[in-house]
Amino acid sequence: MTPTKQNIESLLVLCKQGNRIAQMEVYNRYQGAMFNVAFRILKDTAEAEDMMQESFITAFSKLENFKGGASFGFWLKRIVVNNSISQYKKSKRFVMISHEEIADEVDETYDAGSEDLTKIKAEKVLRCMDELHGSYQRILTLHLIEGYDYPELCEMLEISYANCRTLISRAKESLRKKLIST
C-alpha cells in the first residue's frame, strides 16, 4: 500500500522512522488548515507560511511525544497556535488587511447577487473583528473560531482564568458595539 492511501496512524509510524514520503503526505493533508490557523493569528502570509513550516518541523522532530490522546491534527494545531502566538509576541505588531486587498483577490466571475444572508453576516462579524484591538481579536479568534476553551486559552496566552474571562467578555462587548454601529 502506498503512503497516500494509508491512514494517519500508519503514516505517523512511517514518519517516526524518517520516511520522507510519509512526512510529505502528512504535510499535504494538514498544510492548508495549519496555514489558515497561523494566518488568523499573524495576519501576514509570509510569516504564516514560516510558522506553518516551522511547526511541521517541530512536530516531526517531536513525534515521539505524540501519545495519541487527542487527534494528530489537534496536536499539530496546538503547535501551530503556540508558535504563532510566540511569533506575534516577538514582533509586537498587528497587520491589517484592507478590504480592497481582499476584493482584488475575488474572482471576477463572482456574482454578488447569489450570496446568501448568512455569509454576509459572517463576513460582517469577521470584518468587525478585524477592527478590534489586537489582543481582543486574537482571543476571540482562538475562542470562537478555533474553539479553544478557557483553560486552554489561559495556558497558551499565559494568563489567569479570571483575566481570560474578563478579556473575552470585554472583547465580545467591543465586537457587539462595532456590529451595532455598522
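Here the structure is shown first, and the text comes after it.
Residues numbered from 1 in each chain as written. Predicted model: local features only at pLDDT ≥ 70, side-chain atom pairs only at ≥ 80, totals over all residues. Heavy atoms only, no water.

Caption draft 1: Representation of helix H3 (residues 45-61) within the structure. The terminal C-alpha atoms of H3, which comprises 17 residues, lie 24 Å apart, in line with the 24 Å expected from a rise of 1.5 Å per residue. Three or more residues of H3 are buried, namely Glu47, Ala48, Met51, Met52, Ser55, Phe56, Ala59 and Phe60. Looking at the buried positions of H3, the neighbouring elements they touch are helix H1 (8-16), helix H2 (20-42) and helix H4 (72-91). Taking the backbone nitrogen of Ala46 as reference, a side-chain oxygen 3.3 Å away marks Asp44 as the first, capping residue of H3. (Helix = DSSP H or I, 4+ residues; strand = E, 2+ residues; numbered from the N terminus. Expected span 1.5 Å × (residues − 1). Buried < 20%, exposed > 50% of the residue type's maximum accessible area, 1.4 Å probe, protein only. Contact = heavy atoms within 4.5 Å. Polar contact = N/O pair within 3.5 Å; in protein donor to acceptor, adjacent residues only side chain to side chain.)

Caption draft 2: Region of interest: the pattern of salt bridges. By the definition in use, this model includes 7 salt bridges. With a shortest N-O distance of 3.8 Å, Arg78 and Glu152 are connected by a salt bridge. Taken as a pair, Arg78 in helix H4 and Glu152 in helix H8 (residues 150-157) lie far apart in primary sequence, 74 residues in all. With a shortest N-O distance of 3.5 Å, Arg78 and Glu155 are connected by a salt bridge. Of this pair, Arg78 sits in helix H4 while Glu155 is found in helix H8, placing the two residues 77 residues apart along the sequence. What makes Arg78 buried here is its relative accessible area of 16%. Residue classification places Glu155 among the exposed positions, given a relative accessible area of 57%. Through salt bridges that share partners, Arg40, Lys77 and Glu146 make up one connected network. (Salt bridge = Lys/Arg side-chain N within 4 Å of Asp/Glu carboxyl O.)

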